[in-house]
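An overview of the molecular structure
What follows is each chain in one-letter form.
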Amino acid sequence: MKTVISTDRVAAVELLRKGDLVALPTETVYGLAANALNPIAVAKIFEAKERPRFDPLIVHLPNRDWLRRIAELPAGDRQLILKLADKFWPGPVTMVLPKCELVPDIVTAGLDTVAVRLSAHPVFAEIVGELDEPLAAPSANRFGRVSPTTARHVLDELDGRIPLIVDAGPTEHGIESTIVTIRDSKIAILRRGPITHEQLSEFANIVSVTLTQRISAPGQLPSHYMPTTPLRLIDSAEAFPSQTNRRVGLLGCGGAFRSPPQAFATVRNLSDRGDLREAAANLFRYLRELDALGLDLIVAERVPSRELGAAIMDRLERASHR
Ligand code: TXA
Ligand code: MG
């Protein structure tokens, strides 16, 4: 694929509408954007970044009205959330809030919360506004590398992997947005950034993340949905023995078990075609569905550990070691 650097916003909107990726400038760093409501498009982000695992992504809203469609505003914290939005949006603050049904599980890596922000960058704002759908966008670098602050940096990272980089010169802040979560009228800072502790403390008490239990801070605690049903990895569903008094669910990938073996109480196929992009897009949703059935065991077929398969296997391996 040829990667073009240009200022063509119309082309960017068209590509995003089709489910393709576009690198876009924000006021913090360049982001690698996909339509957040299209799980296959979001899977392409992980593929292009070569992330060996799935991380939850920030959802960038077209405007303030979208907030209530993407996130729940708990009654006790609503006023504080709206005050922070009034003060800092559009701008470099991301809020982690309970998610709405509309948000695909691959965007949040299966979490019940979603990170949302409203970018102040005029080019980003114009494109997401024209699209009128939220954009999932991590920083536009390959896994483990620094965030890009110019279109040229993005090209160095992702040349040949994405069709378009929209160039608007160097970004203003050069570091990623401040990430906060709001609990019981307090603010917890999950990632430091352009909006400071001091600025935030004018609105509420700031609690230390280490003291706040059960908050998934980026890179600190496992921030993934973990099934409560035991999960075991197998090579092939065909070879799995019949079960007499256990209800076993199968999570497979590919056409091999089109007629489900008798051994299983229920089956979810991540992708009939064995397509890893489609499999990644379905992974968290199917894990949740199987987990909700009260099964005795989930068995998951191994997928090839190449491309997105590595991230899928990482997730399945963690779920099986508990
Ligand atoms: O400035 C920014 O925030 C840039 C621009 C492109 O918007 N984006 C960015 O995205 O830095 P990324 O994916 O590189 O970092 C987002 C961080 C990740 O560390 C992720 O774990 C965390 O946000 N995150 C996302 N959703 C979360 C959630 N529901 N709970 C906790 N952390 C979350
Ligand atoms: Mg990043």
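Further up the page is the structure itself.
Here's a quick rundown of the structure. (Residues numbered from 1 in each chain as written. Chains lettered and ligands numbered in written order. Predicted model: local features only at pLDDT ≥ 70, side-chain atom pairs only at ≥ 80, totals over all residues. Heavy atoms only, no water.)

So, the sheet that holds strand S1 (residues 4-6)
Applied cut-off: The pairing criterion for strands is at least two bridges between them, as found by DSSP. The helix count covers DSSP runs of H or I at least four residues long, the strand count covers runs of E at least two residues long, and both are numbered beginning at the N terminus.
A sheet is described by the order of its strands in space; here 11 strands give the open sequence S1-S8-S2-S3-S7-S4-S6-S5-S9-S10-S11, paired in mixed fashion. Edge strands, defined here as strands with exactly one partner in the open sheet, are S1 and strand S11 (206-207).

A short note on the pattern of salt bridges
Applicable threshold: Whenever Lys or Arg places a side-chain nitrogen within 4 Å of a carboxyl oxygen from Asp or Glu, that contact is recorded as a salt bridge. Categorising residues by exposure relies on relative accessible area from a 1.4 Å probe, with only protein chains included: less than 20% of the type maximum marks a residue as buried, more than 50% marks it as exposed, and the intermediate range marks it as partly exposed.
All chains considered together, the criterion is met by 21 salt bridges. Between Asp-105 and Arg-288 there is a salt bridge; the shortest N-O distance is 3.4 Å. In this pair, Asp-105 sits in helix H5 (residues 105-108) while Arg-288 sits in helix H9 (residues 276-291), placing the two residues 183 residues apart along the sequence. On the accessibility criterion, Arg-288 (22% relative accessible area) is partly exposed. For Arg-145, the salt bridge goes to Glu-157, with nearest N and O atoms at 2.9 Å.

Details of unusual backbone geometry
The bulk of non-glycine residues show a negative phi, and the bulk of peptide bonds are trans. Between Trp-89 and the following residue, Pro-90, the backbone shows a cis peptide bond with an omega angle of -10°. Within the fold, Pro-90 resides in the loop between helix H4 (78-88) and strand S5 (93-98). With phi around 50°, Asp-184 is a residue other than glycine that occupies positive phi space. Relative to the helices and strands, Asp-184 is located in the loop between strand S9 (178-183) and strand S10 (186-191). Under the relative-accessibility criterion, Asp-184 is labelled exposed at 61%. Of note in the backbone geometry, Ser-185 takes a positive phi value of approximately 65° without being a glycine. With respect to the helices and strands, Ser-185 occurs in the loop between S9 and S10.

Details of the nonpolar core
What counts, and what does not: By convention a nonpolar core is built from buried Ala, Val, Leu, Ile, Met, Phe, Trp, Tyr and Cys residues, the set being connected through side-chain atoms within 4.5 Å. Contacts are assigned to residue pairs with any non-hydrogen atoms lying within 4.5 Å of each other.
Grouped together as the largest cluster of nonpolar side chains are 76 residues, with contacts concentrated most on Leu-61, Trp-89, Met-95, Val-116, Ile-162, Leu-251 and Ile-312. Here this core gets 9 residues from one element, more than from any other, and that element is H9. Contacts of Val-116, omitting those with residues within four sequence positions, involve Ile-58, Val-59, Leu-61, Leu-67, Ile-70, Trp-89, Val-93, Thr-94, Met-95 and Leu-97. The next biggest cluster of nonpolar side chains, apart from the first, holds 16 residues, and it includes Leu-16, Val-123, Phe-124 and Leu-164.

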